[in-house]
Amino acid sequence: MALIHRTTLKPTKVELLTGWLPTRPWYHGSAAPELVKAGGFRLDDPAGEVGIEFMVVTEASGAYLVPLTYRGAPLEGADHALVGTMEHGVLGTRWTYDGCHDPVLTAGLLALIEGRAQAQAQSLTDTPDHEVARGYEGEGPLPGLGAPVDTDESTEFAVPDTGLVLGLRRVLTPGSTPPEDAVGHVTGVWEHSADTRTRALFAVLRPR
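Definitions and cut-offs
Residues numbered from 1 in each chain as written. Predicted model: local features only at pLDDT ≥ 70, side-chain atom pairs only at ≥ 80, totals over all residues. Heavy atoms only, no water. Phe/Tyr/Trp six-rings, centres within 6.5 Å; stacked < 30°, edge-to-face > 60°. Buried < 20%, exposed > 50% of the residue type's maximum accessible area, 1.4 Å probe, protein only. 1 Å grid on protein atoms, 1.4 Å probe; cavity = no way out; pocket = protein on both sides within 12 Å on 5 of 7 lines; lining within 4 Å. Points joined across faces, edges and corners; volume = space filled by probe spheres on them. Helix = DSSP H or I, 4+ residues; strand = E, 2+ residues; numbered from the N terminus. Nonpolar A, V, L, I, M, F, W, Y, C, P; charged D, E, K, R; others polar. Contact = heavy atoms within 4.5 Å. Expected span 1.5 Å × (residues − 1). Polar contact = N/O pair within 3.5 Å; in protein donor to acceptor, adjacent residues only side chain to side chain. Arc of directions from axis to C-beta. Pairing = 2+ DSSP bridges.

Caption draft 1: Expanded view of the packing of aromatic side chains. A full pass over the atoms with the stated rule returns 5 aromatic pairs. Ring geometry for Trp 20 versus Trp 26: centroids 6.1 Å apart, planes at 65°, classification edge-to-face. With a relative accessible area of 7%, Trp 20 lands in the buried category. Ring-pair connections join several aromatic residues into one group, and the members of that group are Trp 20, Trp 26, Tyr 27 and Tyr 64.

Shown next as structure tokens:
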């Protein structure tokens, strides 16, 4: 169970993303975005070591899904996926990674799709997020994910020996739903405007 601390972060998550997001091939906004944290959810690391968050941020060009992991030490071999470091008021230095390159997050995402894990509220301890919906029509557990490949709208992972690909939507489309050939999916919500919440497809598992 992830324990949510009420404390300070320097820099904040949004400040880290302001510099990092414009370097991504799926980002279509300005070089100096004015980001707003608009939603998302967390997953628990069974080992209790790694923070896992799927954050939705918005700016003038639209909404983006940014999976992040937070670690107390660098992840070996993942320098290319480092978003930056933050000073946490309780936990000290936290190394923040693009979670698509972190095996703890990808394992958690598969567990969520298959129904073996429960999405958790972004800012509350031990509180399920019932606005996150998932489905899975496959047989048995998935074997894992291949290396992530970024496109201009998503990050895709081949699922070895299955003929399937998992697409994690980076550019979110309000109202989007799983395609007819989907084997599994995750949808979630975010604050689309001051008084409107919207749902969209976050991830889809389908034949290649």
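Caption draft 2: Spotlight on the layout of surface pockets. In this structure, the second largest pocket spans a volume of roughly 180 Å³. Along the walls of the second largest pocket sit Ser 154, Glu 156, Val 165, Gly 167, Arg 169, Thr 173, Ser 176, Thr 177, Pro 179, Leu 201, Val 204 and Arg 206, which together make up its complete lining. Contributions of two or more residues to the lining of the second largest pocket are made by strand S9 (154-159), strand S10 (164-169) and strand S13 (196-207). Tallied by class, the residues present in the lining of the second largest pocket amount to 4 nonpolar, 5 polar and 3 charged.

Caption draft 3: The arrangement of the side chain of Ser 154 in detail. Note on placement: Ser 154 falls in strand S9. Classification of Ser 154 by relative accessible area gives buried; the value is 6%. For Ser 154, the contacting residues outside a window of four places in its chain are Trp 26, Val 149, Leu 168, Arg 169 and Arg 170.

Caption draft 4: How the structure looks around helix H2 (residues 103-114). Given a rise of 1.5 Å per residue, 12 residues ought to cover 16 Å, and the 17 Å separating the end C-alpha atoms of H2 matches this to within 8%. Here H2 lies mainly inside the structure; 9 of its 12 residues are buried. Residues Leu 105, Thr 106, Gly 108, Leu 109, Leu 110, Ala 111, Leu 112, Ile 113 and Glu 114 constitute the buried set of H2. Where H2 starts, the residue carrying a side-chain oxygen 3.0 Å from the main-chain nitrogen of Val 104 turns out to be Asp 102. Taken from the residues just after H2, Gly 115 is the one with a positive phi, measuring 90°.

Caption draft 5: Local environment of helix H1 (residues 13-20). Residues of H1 that are buried: Lys 13, Leu 16, Leu 17 and Trp 20. Angular distribution of buried residues about the axis of H1 spans 95°; they occupy a single face of the element. Looking at H1, the residues exposed on the side facing more than 90 degrees away from the buried face are Glu 15 and Gly 19. Here the buried face of H1 lies against strand S1 (9-10), strand S2 (36-43), strand S3 (51-59), strand S4 (62-71), strand S5 (82-88) and strand S6 (92-98).

Caption draft 6: Structural detail: the pairing of S3. Counting buried positions along S3 gives 9 out of 9 residues, so the element sits mostly inside the fold. Judged by which residues are buried, S3 turns out to be covered on both faces: Gly 51, Glu 53, Met 55, Val 57 and Glu 59 on one side and Ile 52, Phe 54, Val 56 and Thr 58 on the other are all buried. The pairing of S2 with S3 spans 7 bridges and is antiparallel. From the neighbouring strand, Val 36 faces S3, where its bridge partner is Thr 58. For S3 and S4, the ladder comprises 9 bridges, and the chain directions are antiparallel. From the neighbouring strand, Val 56 faces S4, where its bridge partner is Leu 65. The hairpin formed by S3 and S4 contains 2 residues between the paired strands.

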